[in-house]
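Listed here are the chains, written in short residue letters.
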Amino acid sequence: MFMKEIKGNIWKMYDTGHTIVVPTNGFGLENGPYVMGGRIAEQAGERFPSLPFELGQAIRQDGNHVFWFWKLRLITFPIKRIWWEIADIEIINRSAQELSDLSLDGVIWKDRKKFPVMVPHVGCGNGELEWELVKPILEKHLDDRFTAVSLNETKIPEILDYLSKEIRSEGK
C-alpha cells in the first residue's frame, strides 16, 4: 500500500505521539552545530536545542544520511548537501530508501499503525522542488506506515480577521 496524504500542522501531530521526518542538509560548522534553517528543521532546532549538535556529530561520523533520534521521535532526512542549494532528487531518493530500510529493519515500527511516521513534502519548501516531482520518489519507497503531510500554513483566517477589523474601524 502507498503512503497516505493529509494536510495539517506537523507539530500538532508530533504532540499527539507521531514520529516526524525533518528535512536536512549536510552543512555544518567543524565540531559545531549543523545548519537547520528550513521551516521544519529550524522549528525542530528551536524545540530541541541539542539536535543541531547531535546531528552534526552524526553527519561528521557517518556522512549525510538518514538518522533516527528515537528519544526525540525525529528522523532526519537529507534533501541536499548544502543549505543554499536547491534540493537534490538523487539525495531525496537515497534518503527515502534509507528511511524505508529503517522500517524494514523493524527499528521504528513497534506501534506505527496507530502512529504512522509523518513526512512533510520534503524538498518542496526551501528546496524549491514541486511536490509532483518528489511524490513518486517517496511512493516508490514508502508504504502505509508513512503519511505525507502538506503543511497547513495558510494565513487566510488571520487576513480575514484583520480585514474585518479594518472594515469595522472605517465604519466608525
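Calculation notes
Residues numbered from 1 in each chain as written. Predicted model: local features only at pLDDT ≥ 70, side-chain atom pairs only at ≥ 80, totals over all residues. Heavy atoms only, no water. Phe/Tyr/Trp six-rings, centres within 6.5 Å; stacked < 30°, edge-to-face > 60°. Helix = DSSP H or I, 4+ residues; strand = E, 2+ residues; numbered from the N terminus. Buried < 20%, exposed > 50% of the residue type's maximum accessible area, 1.4 Å probe, protein only. Lys NZ or Arg CZ within 6 Å of the ring centre and 35° of its normal. Arc of directions from axis to C-beta.

Engineer: Now, about the packing of aromatic side chains: what can you tell me, with residues and values included?
Structural biologist: Taken as a whole and assessed by the stated rule, the structure comprises 4 aromatic pairs. Ring centres of Tyr-14 and Phe-48 lie 5.9 Å apart, and the angle between their planes is 65 degrees; this geometry places the pair in the edge-to-face category. Of this pair, Tyr-14 sits in helix 1 (residues 10-15) while Phe-48 sits in the loop between helix 2 (39-47) and helix 3 (51-62), placing them 34 residues apart in sequence. Exposure remark for Tyr-14: the relative accessible area of 7% places this residue in the buried category. Here a set of aromatic residues connected by ring pairs shows up, and it is made of Trp-11, Tyr-14 and Phe-48. Above the face of the Tyr-14 ring, Arg-73 is positioned so that its terminal group lies 4.1 Å from the ring centre.

Engineer: How would you summarise the environment of Met-3 if you had to cite specific residues and measurements?
Structural biologist: Note that Met-3 resides in the segment before strand 1 (4-8). With a relative accessible area of 6%, Met-3 lands in the buried category. Along the backbone, Met-3 and Lys-135 are 132 residues apart, and their C-alpha atoms lie at a distance of 9.9 Å.

Engineer: Quick one: what's the story with helix 2, residue by residue and with numbers?
Structural biologist: Along an α-helix, residues three or four apart share an orientation, since each turn contains 3.6 residues. Of the positions making up helix 2, those classed as buried are Ile-40, Ala-41, Ala-44 and Gly-45. Buried residues of helix 2, seen end-on, are gathered within an arc of 135 degrees and therefore sit on one face of the element.

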